[in-house]
Amino acid sequence: MSDFDWLAQGVGILASAIVIFSFSQKSDNRFKVFLIAGAFAFAFHYILMGALAAAFVAVVNGIRSFCSIKFHGSDKIMIAFILFYISSIFFVYERPYDLLPVFSGVLSTFALYKLQGIKMRVSFFFAESSWLVFSILINSIGGIITNVFVLATNSITTYRLVRDSKNETHR
């Protein structure tokens, strides 16, 4: 690997740590704040990797996550982001697998704006699965690490939320 490749992969690993930490949060707002930071770190990583479609989606993901804190439940904003993702295909599409981050963006947008708790995290499970396939295809070490750990961490957090909700109903 050249020095540039090491830099790109190092930024991806740092981004990975931020995103993994976000999925361990039980608070929806803390989850979203760390998700924003991770999205921008991954955007830089994808620029260094030459994956411009993924970088574009990551930047939009960060903006979208920020907006979801202020405008959770807003159908107009959610639809605007979904249409933005879909229309972005015409500007950033290079390879068929560039559609995977776009699919993830659409699904996770719906989850961030319309879902909470367990349902939001289940939707993120499917969104992260598409990022995992993308990361494998472009050989993004940070992306692969992130997606594997996020899938595992998100599953554990979802289990904790299910367990907590069952404990509350038995009180």
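Okay, so let's go over this structure. (Residues numbered from 1 in each chain as written. Predicted model: local features only at pLDDT ≥ 70, side-chain atom pairs only at ≥ 80, totals over all residues. Heavy atoms only, no water.)

With that settled, consider the overall build of the protein. Looking only at helices and strands, one finds seven helices and zero strands in the protein. Element order for the protein, N to C, with α for helix and β for strand: α-α-α-α-α-α-α. Computed over C-alpha atoms, the radius of gyration of the protein comes to 16 Å, within 12% of the 16 Å expected from 2.2 N^0.38 for 171 residues, which places it in the range of a compact globule. Its C-alpha atoms put the protein at 60 × 35 × 25 Å along the principal axes. The burial tally for the protein puts 45% of its 171 residues in the buried class. The long-range share in the protein, meaning contacts at least 24 apart out of those at least 6 apart in sequence, stands at 69%. Charged side chains in the protein number 14 positive and 9 negative. The centres of these two groups are separated by 13 Å. (Helix = DSSP H or I, 4+ residues; strand = E, 2+ residues; numbered from the N terminus. Rg over C-alpha atoms; globule rule 2.2 N^0.38 Å. Buried < 20%, exposed > 50% of the residue type's maximum accessible area, 1.4 Å probe, protein only. Contact = heavy atoms within 4.5 Å. Lys, Arg positive; Asp, Glu negative; His and termini not counted. Charge placed at Lys NZ, Arg CZ, Asp CG, Glu CD.)

Applying the stated rule across the entire model yields 10 aromatic pairs. Aromatic pair Tyr46 and Phe134: ring centres 6.1 Å apart, planes at 75°, arrangement edge-to-face. Placement of the pair is Tyr46 in helix 2 (residues 28-49) and Phe134 in helix 6 (residues 117-138), with a sequence separation of 88 residues. Take Tyr46 and Phe134: they sit in the same class, and that class is buried. Aromatic rings pair up to connect Phe42, Tyr46, Tyr97, Trp131 and Phe134 into one cluster. The ring centre of Phe31 lies 5.1 Å from the NZ or CZ of Arg121, which sits over that ring. (Phe/Tyr/Trp six-rings, centres within 6.5 Å; stacked < 30°, edge-to-face > 60°. Lys NZ or Arg CZ within 6 Å of the ring centre and 35° of its normal.)

Attention shifts here to the pattern of salt bridges. When charged atoms on two side chains of opposite charge get close, those side chains can pair. Within this structure, the stated rule accounts for six salt bridges. When the shortest N-O distance is used, the salt bridge between Asp28 and Arg121 registers 3.0 Å. Taken together, the residues span a long stretch of sequence, with Asp28 in helix 2 and Arg121 in helix 6 at a distance of 93 residues. For Arg121, a relative accessible area of 1% corresponds to the buried category. A salt bridge links Asp98 to Arg95; the nearest nitrogen and oxygen atoms lie 3.3 Å apart. Assessed through its relative accessible area of 23%, Arg95 is described here as partly exposed. (Salt bridge = Lys/Arg side-chain N within 4 Å of Asp/Glu carboxyl O.)

The next subject is the packing of helix 6 against helix 7 (residues 141-169). Between helix 6 and helix 7, whose axes approach to 9 Å, the crossing angle comes to 165°. Here helix 6 is positioned roughly antiparallel relative to helix 7, judged by the angle of their axes. The hand of the helix 6/helix 7 crossing is left-handed. The residue inventory of the contact of helix 6 with helix 7, partitioned by class, reads 13 nonpolar, 10 polar and two charged. (Axes fitted to C-alpha atoms, helices over the stretch in contact; angles between N-to-C directions. Parallel < 35°, antiparallel > 145°, perpendicular 65-115°, else oblique. Left-handed = near helix turned anticlockwise from the far one by under 90°. Nonpolar A, V, L, I, M, F, W, Y, C, P; charged D, E, K, R; others polar.)

With that settled, consider the nonpolar core. In terms of nonpolar packing, the biggest core is built from 31 residues, with Phe23, Phe31, Tyr46, Met120, Phe124 and Phe134 touching the most fellow members. Listing elements by their share of this core, those giving two or more residues are helix 1 (3-23), helix 2, helix 3 (52-70), helix 4 (75-92), helix 5 (99-114) and helix 6. (Core = buried A, V, L, I, M, F, W, Y, C linked by side-chain atoms within 4.5 Å.)

Moving on: the environment of Leu48. Along the chain, the position of Leu48 falls in helix 2. You can call Leu48 buried: its relative accessible area is 12%. The spacing of Leu48 and Leu100 is 52 residues in sequence and 19 Å in space, taken between C-alpha atoms.

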